[in-house]
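# An overview of the molecular structure
Listed below are the residues making up each chain.
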Amino acid sequence: MTGGATGIGAALKEQLRERGDTVIVVDIRDADVHADLSTAEGRSAAIAGVRAMAPEGLDGLIACAGLGTHVKPPSLIAAVNYFGAVATIEGLRDLVAERRGSVLIVSSNSAPMMDADNAFVEACLAGDESAALALLEDGHTAYAGSKRALTQWMRRHVQDYAGAGVRINAVAPGITRTNMTDAVSKDPELGDAIRQFEAMTPLGGSAEPAQIANAMRFLLGDDADFICGAVLFVDGGTDALMRADSF
Ligand code: NAD
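Residues numbered from 1 in each chain as written. Predicted model: local features only at pLDDT ≥ 70, side-chain atom pairs only at ≥ 80, totals over all residues. Heavy atoms only, no water.

## Focus on the site of the ligand
Among the 30 residues in the neighbourhood of the ligand, the closest are listed as Thr6, Asp27, Arg29, Tyr143 and Thr178. Here an oxygen atom of the ligand sits 3.4 Å away from a polar atom, N or O, in the main chain of Gly66. A distance of 2.7 Å separates an oxygen atom of the ligand from a polar atom in the side chain of Thr178. Considering the ligand on its own, with 820 Å² of exposed area, one finds that the protein chains cover 95% of that surface. Residue assignment for the shell around the ligand shows that the elements contributing at least two residues are α1 (7–18), α6 (139–156) and α8 (179–186). (Near = heavy atom within 4 Å. Polar contact = N/O pair within 3.5 Å; in protein donor to acceptor, adjacent residues only side chain to side chain. Areas by Shrake-Rupley, 256 points an atom, 1.4 Å probe, with all protein chains shown as cover. Helix = DSSP H or I, 4+ residues; strand = E, 2+ residues; numbered from the N terminus.)

## What about unusual backbone geometry?
Along the chain, Lys72 connects to Pro73 via a cis peptide bond; the corresponding omega equals -5°. Within the element layout of this structure, Pro73 appears in the loop between β3 (60–63) and α3 (74–98). A positive phi is found at Asp30, a non-glycine position, where the angle reads about 45°. We classify Asp30 as exposed; its relative accessible area is 58%. Despite not being glycine, Arg100 has its phi angle at roughly 45°, a positive value. Relative to the helices and strands, Arg100 is located in the loop between α3 and β4 (102–106). (Buried < 20%, exposed > 50% of the residue type's maximum accessible area, 1.4 Å probe, protein only.)

## Re the packing of α8 against helix α9 (residues 191–200)
Helix-helix packing is described using two parameters, namely the angle between the two axes and the distance between the axes. Running from N to C, α8 and α9 cross one another at 120°; their axes reach a closest spacing of 6 Å. Residue-level inspection shows Thr181, Val184 and Ser185 of α8 in contact with α9, the latter providing Gly191, Ile194 and Arg195. Considered class by class, the residues forming the contact of α8 with α9 number 2 nonpolar, 3 polar and 1 charged. (Axes fitted to C-alpha atoms, helices over the stretch in contact; angles between N-to-C directions. Contact = heavy atoms within 4.5 Å. Nonpolar A, V, L, I, M, F, W, Y, C, P; charged D, E, K, R; others polar.)

In structure tokens, the structure reads:
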């Protein structure tokens, strides 16, 4: 998994290790494989590091590393959240296929807030990193746009991955109490928006990382063995609230 050092990734890592799984964490800190997924060199190091540790293949691959809306410059958000995730998944896909495993991306309930025909989203899906990053001026487009693009990338690759014996799915968390949301809530421009969002959540408030990890464990495991291309919102009902008639 990428992004297993803190937050949602750390909660999933703990649950998986507790039940006896071997988990390889790729992260910029506190990792088995130290790598900066915002750079081409870091992505190559991540792929080489995992290959060295799991030559027999992977039962699961979780692209969880991500940066929040508050991070500057916005291009860094997209470099990690979209391009880092896609590069890692593509670079390790054969190891997952070897064990007929499953891939899980971490989307967000903010993904549907960005239009599919947004120029940044289209540049991401075209695989043009320099054009995509050059289009970015604000954190919201970078964050919601990279989650929208990553989710569409997942949906577009269902057939291809399934043909190789690999299930691919997404979890789409709502606001979850992690370092990321802590930083966003302290941001003078974004803090109020996150508090308003929490206040309107149908189930009330925000999630604990373990609640997101529970859904991730389900999607990764054999109980979900006919689920492919799904986007599972774990958001206290906010996606349904915002777009009840779209699914
Ligand atoms: P977090 O900050 O606790 O975790 C992010 C992880 O990504 C950390 O371990 C961090 O070290 C790692 N990371 C950051 N930059 C990296 C880089 N350049 N290279 C490698 N690793 C890097 O935040 P979180 O909330 O647990 O986020 C996990 C995922 O969940 C992210 O993809 C995030 O977008 C998504 N998400 C979070 C929320 C939320 O409310 N917390 C909501 C929807 C989606």
